[in-house]
Amino acid sequence: MQGGHILKLKGTLMLASPEDVAAIQALRLKSSEKSKMTRDRKGFRKLLIVLTKAGKLYALHTGDGHVVWSLLLSSLRKSEACQHPIAVSMYQWQVPHHHMMDENPSFLIIGQCGLEKDEPAVLSFVDTYTGKELESAGLGHSVVQVIPLSHKDSAEHCLHLLFDSSKQAHLYPKSPEASVIFQREFQNVYWYSVDTEGSIIRGHALESNCISEADEFCFNTRELWSIVFPADSEKIITTTARKSNEVVHTQARSTADRDVMYKYISSNVLFVATVTPKASGGVGSVTPDESWLVVYLIDTVTGRILCRMTHQGSQGPVHAVFSENWVVYHYFNLRAHRYEMSVIEIYDESRAVNKDVWKLIFGKHNLTSPISSYSRPEVVVKSQSYFFTYSVKTIAVTSTAKGITSKQLLIGTSGDQVLALDKRYLDPRRSTNPTQAEREEGIIPLTDSLPILSQSYVTHAIKVEGLRDIVTVPAKLESTTLVFAYGVDLFFTHLAPSRTFDSLTEDFSYSLLLLTIIALVAAIFATWILSERKELRDKWRIIAPVVLLRSQHDVVGLLMKLAFGSRLTH
């Protein structure tokens, strides 16, 4: 039996026999660390917590997909108090750090006792590592919306606001410390609600403690603004917002002409798509003259409309993704009888004064000034549309730890596959004949349709049956994002949009690298010896004629001395 290093070396040099290839694969499976139940330095080994509507939980290992534990929540079983329990959503509850490292992380499950919005809710807390249900509680109110806050208490519990059907907010966890922490941010809490049936978007804020209930963790709310879309011409079909935990590496974008464009980055911007009521059905249910698609970018704190665009002769369904300062959405163009994808990028012109170098030197800039939604923004919008081949079920975007890696769109096609598309293809600054400077900047020449390459499919030849959504999570390596697609099937993979520039592959041959280094050192040493010998020979070839010439001169001088000396004696 040959050693593992020799087998890997033969495989690298393409000298392995079929038996050697089988042995190499067996060694890789045996030595693989993918299925270990410990964290790795790359952040690849994680637990995927999957929740079904029936209240069944599964913890899947990302290495090989095996089930670590499963749990049927007792709090979501049928009982007299809860006749029709269903699971609704799941949130992180406790993420221990520092002094709380002796405790396991946990998550919060929210369920309700029926399909109606006013049905009472049920809370359940589950240990992430063991799958043990730590605690459960039945609530006396419903839960129609949940807002995870960015603050934590001393026990590392994440603060959450739960809103019921009567528009009251409830703070969890219910502890005096959480209440004190929340009171500091009481005036800065804003949220929105979408009424798709009435085509109304409302903005809300907290007002005071609930008067009707003796509960210091209950708060009344007030309506700040509302946008009512005309019922006869516009119906809301899609809303999308940015991820609250998205990391943005830079807030500026440099152009080929040495200009700077500042991104309008705000977590309070909402993308809204509306269509005519007749066009809310399937594709082709109306004529192009009877249908139009209108998209909005709305500030959810003030209700201000930042951007409005109309696509005549277009209809849904609309699938969209929002990241940084741009949004990409997919729809159907009835006039062209093709699907289209459009991109909108929004830039902040109020920070254009920072382009003056002298103002930057003397500190007369507004880069450090806080950005408020109440200050009227001066925004510039750039947009572009492209034809796209396939119909789409969902769209997501890659996310990395620092936001440095290039973005890729992950498109779930109607064929239940996941397609990765470089964001550069959806750049509104693309032109038919870009200049040399624009090409160096990375701008691709404009085409009327987006390219679909067979090697761009993340799922390759695999289909994720009944594909519903795609979730992306950053790994510890900046180059890599973790992708999870789910439906009837589950699919997980690693994706490197800008290639793995900060790591080596798992099958990298370290033995071949060591042999290469030894060979290079030996070659350098041998070359140095040969060079020293050659230099020494060259020196001897130069010195020998000089020594010979000097000896002949000495002989002539001696003969002359003898001749002249003999004459003088005579």
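Keep in mind that what you see is a predicted model, and the values were worked out from it rather than measured.

1. Re the sheet that holds strand β19 (residues 305-312)
Across a sheet, paired strands are connected by hydrogen bonds in the backbone, their directions being either parallel or antiparallel. Strand order in this open sheet of four strands is β14-β17-β18-β19, and the pairing throughout is antiparallel. Across the chains shown, the open sheet's two edge strands, defined by having one partner strand only, are β14 (235-241) and β19. Taking the axes of each pair of neighbouring strands and ignoring which way they run, one obtains an average angle of 15° across the sheet. Strand direction decides the pairing type here: strand β18 (residues 292-299) and β19, joined by seven bridges, are antiparallel. Among the inter-strand pairings, Ile298 is bridged to a residue of β19, identified as Ile305.

2. Here's the deal with the nonpolar core
Ranked by size, the top nonpolar core spans 23 residues in total, and within it Phe271, Leu293, Val295, Leu297, Val327, Tyr329 and Ile344 carry the most contacts. Contributions of two or more residues to this core are made by β17 (269-275), β18, β19, β20 (314-323), β21 (326-333) and β22 (338-348). Excluding anything up to four places from it in sequence, Phe271 contacts Thr238, Thr239, Thr240, Val295, Tyr296, Leu297, Ala320, Phe322, Val327 and Tyr329. In terms of nonpolar packing, the next biggest core, distinct from the first, is built from 17 residues, Val343, Phe388, Ile411 and Leu426 among them.

3. A word on the side chain of Ser342
Residue position: Ser342 is located in strand β22. There is a polar contact of 2.8 Å between the side chain of Ser342 and the side chain of Tyr331. Ignoring any residue separated from it by four or fewer positions in sequence, one finds Ser342 in contact with His311, Val327, Val328, Tyr329, Tyr331, Gln384 and Ser385.

4. Concerning helix α3 (residues 176-184)
Where α3 is concerned, the buried positions are Ala178, Ser179, Ile181 and Phe182. Across the axial projection of α3, the buried residues extend over an arc of 165°, all falling on one side. Exposed residues lying more than 90 degrees from the buried face of α3 are Pro176 and Arg184. Residues of α3 that are buried in the fold lie against β8 (145-152), β9 (158-163), β10 (168-172), β12 (200-209) and β13 (218-228).

What counts and how
- Residues numbered from 1 in each chain as written.
- Predicted model: local features only at pLDDT ≥ 70, side-chain atom pairs only at ≥ 80, totals over all residues.
- Heavy atoms only, no water.
- Pairing = 2+ DSSP bridges.
- Helix = DSSP H or I, 4+ residues; strand = E, 2+ residues; numbered from the N terminus.
- Axes fitted to C-alpha atoms, helices over the stretch in contact; angles between N-to-C directions.
- Core = buried A, V, L, I, M, F, W, Y, C linked by side-chain atoms within 4.5 Å.
- Buried < 20%, exposed > 50% of the residue type's maximum accessible area, 1.4 Å probe, protein only.
- Contact = heavy atoms within 4.5 Å.
- Polar contact = N/O pair within 3.5 Å; in protein donor to acceptor, adjacent residues only side chain to side chain.
- Arc of directions from axis to C-beta.

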